[in-house]
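Survey of secondary and tertiary structure
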Amino acid sequence: MRTTFRIRLNGETVAITTVGQAHRFLTEYSSIEWMEFRTLHGEAMECLERAAENAMLTVQATDAVRSLLVSTKLL
């Protein structure tokens, strides 16, 4: 990731610093929890998977994750 995302979740601060951590965070929760943001979640997941294969795509992945987290008001 091109930045560190620090979010508060269930009273704890969670830091997301790598593509792998972001992917785990977005897959940890059930699809029902992401339902309202299904399109943004799908885009972020796709970008993260591509960035895992090609590090040059981390900027796009970072932007996609940021958009999702801002929309969900986690950031």
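For the structure given in this document, a descriptive report is provided here. (Residues numbered from 1 in each chain as written. Predicted model: local features only at pLDDT ≥ 70, side-chain atom pairs only at ≥ 80, totals over all residues. Heavy atoms only, no water.)

Now for helix α4 (residues 58-71). Relative to the 20 Å expected for 14 residues at 1.5 Å per residue, α4 spans 20 Å between its end C-alpha atoms, a close match to the ideal helical length. Within the sequence span of α4, burial applies to T58, A61, T62, A64, V65, L68 and L69. Angular distribution of buried residues about the axis of α4 spans 165°; they occupy a single face of the element. One or two residues past the end of α4 sits K73, with phi positive at roughly 65°. (Helix = DSSP H or I, 4+ residues; strand = E, 2+ residues; numbered from the N terminus. Expected span 1.5 Å × (residues − 1). Buried < 20%, exposed > 50% of the residue type's maximum accessible area, 1.4 Å probe, protein only. Arc of directions from axis to C-beta.)

In summary, soluble globular proteins display a tendency toward joint burial of nonpolar side chains. With 21 residues, the main nonpolar core has M1, F25, L26, L48 and V65 as its most contacted residues. Of all elements in the fold, only β1 (5-9), α1 (19-28), α3 (38-53) and α4 reach the threshold of two or more residues within this core. Setting aside anything within four residues of it in sequence, one finds F25 in contact with I7, L9, I16, W34, L69 and L74. (Core = buried A, V, L, I, M, F, W, Y, C linked by side-chain atoms within 4.5 Å. Contact = heavy atoms within 4.5 Å.)

Bringing the packing of α1 against α3 into the picture now. Any two packed helices are characterised by the angle at which their axes cross and by the distance between the axes. In contact at an axis separation of 10 Å, α1 and α3 are set at 150° when each is read in the N-to-C sense. Seen from above, α1 lies across α3 with left-handed handedness. When α1 is examined against α3, the residues V19, A22, H23, L26 and T27 are found in contact with a partner set consisting of H41, A44, M45, L48, E49, A51 and A52. Here the residues of the contact of α1 with α3 are counted per class, giving eight nonpolar, three polar and one charged. (Axes fitted to C-alpha atoms, helices over the stretch in contact; angles between N-to-C directions. Left-handed = near helix turned anticlockwise from the far one by under 90°. Nonpolar A, V, L, I, M, F, W, Y, C, P; charged D, E, K, R; others polar.)

All right, on to the packing of α1 against α4 then. Running from N to C, α1 and α4 point in directions that differ by 35°, and their axes come no closer than 11 Å. For the crossing formed where α1 meets α4, the hand is left-handed. Facing V19, A22, F25 and L26 of α1, the residues of α4 in contact are T58, V65, L68 and L69. Residue classes in the contact of α1 with α4 are distributed as seven nonpolar, one polar and no charged.

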